[in-house]
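# Architecture at a glance
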Amino acid sequence: MLPLAELHLHVEGTLEADLLVTLARRNDVPLPSYDPAELTARYANFGDLQAFLDVYYANLAVLRTEQDFHDLAAAYVTRAAAAGVRRAEIFCDPQTHLANGVPLEVVFGGLGAALAEARANGLSADLIVCFLRDLGGDAAEELLRQALPFREHFIGVGLDSAEVGWPPALFRRAYEMAAAEGLHRVAHAGEEGGPEYVREALDALGVERIDHGNRALEDADLVARLRDERVPLTVCPLSNVALKGVARIEEHPLPRMLELGLVATLNSDDPAYFGGGIDANVAAVRTSLGLTDDDLATLAANSFEAAFIGETDRARWLAEVAAWRAG
Ligand SMILES: [Zn+2]
């Protein structure tokens, strides 16, 4: 099995319908249906990013206790390890849970406990705290201030949710604060927004990776910069198809990104909603995009180049990829 790092994964987006039902019953939270198959069927046709986000945020009302957050993350890391993931850098959206009346100590306590167990079982995993961009820059700064007492639970900050109309520069001060704290910085850009969102994330926020980045391909100068500076893109093919950023998987730009020499990586984004985890994404790009084992090994090597890990781990996992490539 291909060893890789998953670098673009929202823990809230791993809430499978069966766990959703379990948590709804546990916490007495009403759902539109208690049939996991029927709930999953509702995810089959999102009109766009916002249509997905509406369902996604409604479902998150079932997360109330440390145990709930633990169970959510534990289910993901178990599936990820079984799919070949050696290293997971996991996004979480604390602002969503705060709005639902759940304090940060519950969120970090539950997620942190699950990741500690994962590490004990041999999976390397860390959290990246994301700002919801549609709540604006002041709210991002406020969240970071509130989260700093839990600094041992996360290694970086990210920027997610509705993109268009919420350009990166709005979050400049929050990212400056994060940099001053020694936190890693990433941001979603170029998913629905144009190449200017990608450029602004690099220039105004100083990000080390771009999450998605698909629309960077519309700007040749930007492509050259991403290639020359080896800025990783965390690409999510099944997500892009589910949210209609790409009409069909066969039209996904991932092969072109590799041809252009970009440091593209493969990720599942919100696997409970978009048709499966990293293994499903590997299968999709192999069968529908014609990527070869050599291409897959390049994506895996890119993921370890892009991961926020020490050089010993990086060398060990790159050696595993080289062994896989050699067959
Ligand atoms: Zn995402």
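Below is a short write-up of the structure.

A few words on the overall build of the protein chain. The number of helices and strands found in the protein chain is 15 helices and 8 strands. Its C-alpha atoms give the protein chain a radius of gyration of 18 Å, near enough to 20 Å, the size a compact globule of 327 residues would have. Projected onto its principal axes, the C-alpha coordinates of the protein chain cover approximately 50 × 40 × 40 Å. A sequence separation of at least 24 residues applies to 75% of the contacts in the protein chain between residues at least 6 apart. Of the side-chain charges in the protein chain, 27 are positive and 51 negative, and the distance between the mean point of each set is 3 Å.

In this section: the nonpolar core. The nonpolar side chains of a soluble globular protein tend to be buried, and buried together. Core analysis: the biggest nonpolar cluster contains 109 residues, and I90 and L254 have the highest contact counts within it. Per-element accounting of this core gives the leading share, 8 residues, to helix α6 (residues 104-120). Ranked by size, the runner-up nonpolar core spans 6 residues in total, among them F91, C130, V186 and F308.

What follows deals with the packing of helix α9 (residues 195-205) against helix α10 (residues 220-228). Angle between the axes and distance between the axes are the two parameters that describe a pair of packed helices. At a minimum axis separation of 10 Å, α9 and α10 run at an interaxial angle of 40°. In terms of orientation, α9 lies oblique with respect to α10. In terms of crossing hand, the pair formed by α9 and α10 is left-handed. Residues P195, V198, R199, L202 and D203 of α9 lie in contact with α10, whose contacting residues are L222, R225 and L226. Looking at side-chain class alone, the contact of α9 with α10 contains 5 nonpolar, no polar and 3 charged residues.

Turning our eyes to something else, we now look at the sheet that holds strand β5 (residues 184-189). If you trace the 8 strands from one edge of the open sheet to the other, you get β1-β2-β3-β4-β5-β6-β7-β8, paired in parallel fashion. The open sheet terminates on both sides in strands that have one partner only, identified here as β1 (4-10) and β8 (264-266). Across this sheet, the average inter-strand angle for adjacent strands is 25°, counted without regard to direction. Two strands pair when backbone bridges link them, and strand β2 (residues 85-92) and strand β3 (residues 124-132) are joined in this way by 6 bridges, in the parallel orientation. What sits directly across from A88, in β3, is A125.

Another point: the coordination of the zinc ion. For the zinc ion, every protein donor is listed as H8 (NE2), H10 (NE2), H188 (NE2) and D269 (OD), and the spread of their distances is 2.1 to 2.3 Å. Each of the 4 donor atoms bound to the zinc ion contributes to angles spanning 85 to 175°, and the resulting shape is irregular. Donor residues for the zinc ion sit on one chain with the sequence pattern H-x1-H-x177-H-x80-D. With H10 in strand β1 and H188 in strand β5, the pair connects residues that are 178 residues apart, well separated along the chain.

Bringing the pairing of strand β6 (residues 209-212) into the picture now. One ladder, built from 4 bridges, connects β5 with β6; its direction is parallel. Its bridge partner lying in β6, A187 is registered against I210. Remark: the β5/α9/β6 crossover connection has right-handed handedness. Taking the sense of rotation as the criterion, the β-α-β connection linking β6, α10 and strand β7 (residues 233-235) turns out right-handed.

What follows covers the packing of aromatic side chains. Counting across every chain of the model gives 12 aromatic pairs. Summarising the aromatic geometry, the rings of Y43 and Y273 are spaced 4.5 Å apart at their centres and angled 45° between planes, so their arrangement reads as tilted. Of this pair, Y43 sits in the loop between α2 (36-41) and α3 (49-59) while Y273 sits in the loop between β8 and α13 (278-287), and the two are 230 residues apart along the sequence. Ring geometry for F108 against F154: centres 5.7 Å apart, planes inclined by 20°, an arrangement best described as stacked. Residue F108 is located in helix α6, and its partner F154 is located in strand β4 (residues 154-160); the two are separated by 46 residues in the primary sequence. According to the relative accessible area criterion, F108 is buried, its value standing at 0%. Judged by relative accessible area, which is 2%, F154 ranks as buried. Connected via pairs of aromatic rings, a cluster forms that spans Y43, F46, F52, Y56, Y57, Y273 and F274. Residue placement shows R209 over the ring face of F308; its charged tip is 4.1 Å from the ring centre.

Basis of the calculations
- Residues numbered from 1 in each chain as written.
- Predicted model: local features only at pLDDT ≥ 70, side-chain atom pairs only at ≥ 80, totals over all residues.
- Heavy atoms only, no water.
- Helix = DSSP H or I, 4+ residues; strand = E, 2+ residues; numbered from the N terminus.
- Rg over C-alpha atoms; globule rule 2.2 N^0.38 Å.
- Contact = heavy atoms within 4.5 Å.
- Lys, Arg positive; Asp, Glu negative; His and termini not counted.
- Charge placed at Lys NZ, Arg CZ, Asp CG, Glu CD.
- Core = buried A, V, L, I, M, F, W, Y, C linked by side-chain atoms within 4.5 Å.
- Buried < 20%, exposed > 50% of the residue type's maximum accessible area, 1.4 Å probe, protein only.
- Axes fitted to C-alpha atoms, helices over the stretch in contact; angles between N-to-C directions.
- Parallel < 35°, antiparallel > 145°, perpendicular 65-115°, else oblique.
- Left-handed = near helix turned anticlockwise from the far one by under 90°.
- Nonpolar A, V, L, I, M, F, W, Y, C, P; charged D, E, K, R; others polar.
- Pairing = 2+ DSSP bridges.
- Donors = N, O, S within 2.8 Å, 3.2 Å for Na, K, Ca; no water.
- Tetrahedral: all angles 85-135°; square planar, octahedral: opposite > 155°, others 65-115°.
- Right-handed = clockwise from strand over helix to strand, strands pointing away.
- Phe/Tyr/Trp six-rings, centres within 6.5 Å; stacked < 30°, edge-to-face > 60°.
- Lys NZ or Arg CZ within 6 Å of the ring centre and 35° of its normal.

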